[in-house]
Amino acid sequence: MSFEERLNEANRLKCIGDDAFNRGDYELAQTVYSEAIEKGDFNITNLDIEFSLEHQSLIQDLYNPIYLHLCKCALKTARFNEVLRYIDRIHEQCDYLAVDLWAHIEYIRGCSLIKLGRYRDALNCFTKAKDYRPFDPSIEKHIHTCKKTLQLIESRLNNRQSSQENSSYSNRDRRQMYLVYGLIVA
């Protein structure tokens, strides 16, 4: 299959995925977007062409919204670990993403990490997103929420520690401390 044929097929599937996404059918959209990525496999070893800047631009224009929507679909269907896998794949495969897309990706990653109880990691993501979009009130709100939650957790841990007769922590306290410091990978 030629570059143009792959691009056309991937675009056709993207349009179907966009329609499903706009209707709120995130399961179908996620399936179709994944298929669009597979059909539009632009691995240079699979094609008998040299990638020009125009080719890279066409691929970027196709993949940027697909990956963003894949992340949003997984987030909306509460598949938070899947969101993180998609974002890892984006980092591996897409060296040429638009700057504003990185803000969206870090924001979505942060939202997933909050749902997984990884507030310190989420705070790091929102801080990165703020670097790209410094005046976004939604990002500011999440940064504030993460900081407050971390303070609350640390305060509760300190209260428990001081009220215990011996200095050993219960398993629950250890788990909470690991969560606070981002050491548990969910």
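Everything quoted here is computed from the prediction, not taken from an experiment.

Caption draft 1: Summary view of the overall build of the chain. For the chain, the helix and strand inventory stands at eight helices and zero strands. Taking all 186 residues of the chain together, 39% fall into the buried category. Here the analysis covers contacts within the chain between residues at least 6 apart in sequence; of these, 58% occur between residues at least 24 apart. Carbon and sulfur atoms make up 49% of the accessible area of the chain, which amounts to about 10,900 Å² in all.

Caption draft 2: Fine view of helix α6 (residues 119–132). The first and last C-alpha atoms of α6 sit 20 Å apart over 14 residues, in line with the 20 Å expected at 1.5 Å per residue. Within α6, burial applies to Asp121, Ala122, Leu123, Cys125, Phe126 and Ala129.

Caption draft 3: Representation of the confidence of the model for the chain within the structure. In this model, the chain carries an average pLDDT of 82, and 76% of its residues clear a pLDDT of 70 or more. Helix α8 (residues 171–180) is the least confidently modelled element of the chain, averaging 60 in pLDDT, while α6 averages 94, the highest of any element.

Caption draft 4: Representation of the packing of aromatic side chains. One pass over the full model with this rule turns up three aromatic pairs. Relative to Tyr26, the ring of Phe21 lies with its centre 5.4 Å away and its plane at 75°, an arrangement referred to as edge-to-face. Judged by centre distance (5.7 Å) and plane angle (65°), the rings of Tyr107 and Phe126 are edge-to-face. Residue Tyr107 is located in helix α5 (residues 99–115), and its partner Phe126 is located in helix α6; the two are separated by 19 residues in the primary sequence. Residue Tyr107 is classed as partly exposed on the basis of its relative accessible area of 22%.

Caption draft 5: Region of interest: the pattern of salt bridges. Inspection of the entire model under this criterion finds ten salt bridges. Of the charged contacts, one joins Asp136 and Arg133 as a salt bridge, the two residues approaching to 2.2 Å between their closest N and O atoms. Here Asp136 falls in the buried class, since its relative accessible area comes to 14%. Connected through shared salt-bridge partners, Asp19, Arg23 and Asp25 make up one network.

Caption draft 6: Seen up close, unusual backbone geometry. Of note in the backbone geometry, Ala78 takes a positive phi value of approximately 60° without being a glycine. Note that Ala78 resides in the loop between α3 (53–76) and α4 (80–93).

Caption draft 7: Seen up close, the nonpolar core. Counting residues in each nonpolar core, the largest one holds 29 residues, and the members touching the most others are Tyr33, Tyr63, Ile66 and Leu70. Taken together, the elements giving at least two residues each to this core come down to α1 (3–23), α2 (26–39), α3, α4 and α5. Tallying contributions element by element places α3 first for this core, with ten residues. Not counting residues up to four positions away in its chain, the partners in contact with Tyr33 are Lys14, Gly17, Asp18, Phe21, Ile66, His69, Leu70 and Cys73. Core analysis: the second largest hydrophobic core is formed by 15 residues, Leu84, Cys125, Ile143 and Leu150 among them.

Reading guide: rules and limits
- Residues numbered from 1 in each chain as written.
- Predicted model: local features only at pLDDT ≥ 70, side-chain atom pairs only at ≥ 80, totals over all residues.
- Heavy atoms only, no water.
- Helix = DSSP H or I, 4+ residues; strand = E, 2+ residues; numbered from the N terminus.
- Buried < 20%, exposed > 50% of the residue type's maximum accessible area, 1.4 Å probe, protein only.
- Contact = heavy atoms within 4.5 Å.
- Areas by Shrake-Rupley, 256 points an atom, 1.4 Å probe, with all protein chains shown as cover.
- Expected span 1.5 Å × (residues − 1).
- pLDDT = per-residue confidence, 0-100.
- Phe/Tyr/Trp six-rings, centres within 6.5 Å; stacked < 30°, edge-to-face > 60°.
- Salt bridge = Lys/Arg side-chain N within 4 Å of Asp/Glu carboxyl O.
- Core = buried A, V, L, I, M, F, W, Y, C linked by side-chain atoms within 4.5 Å.

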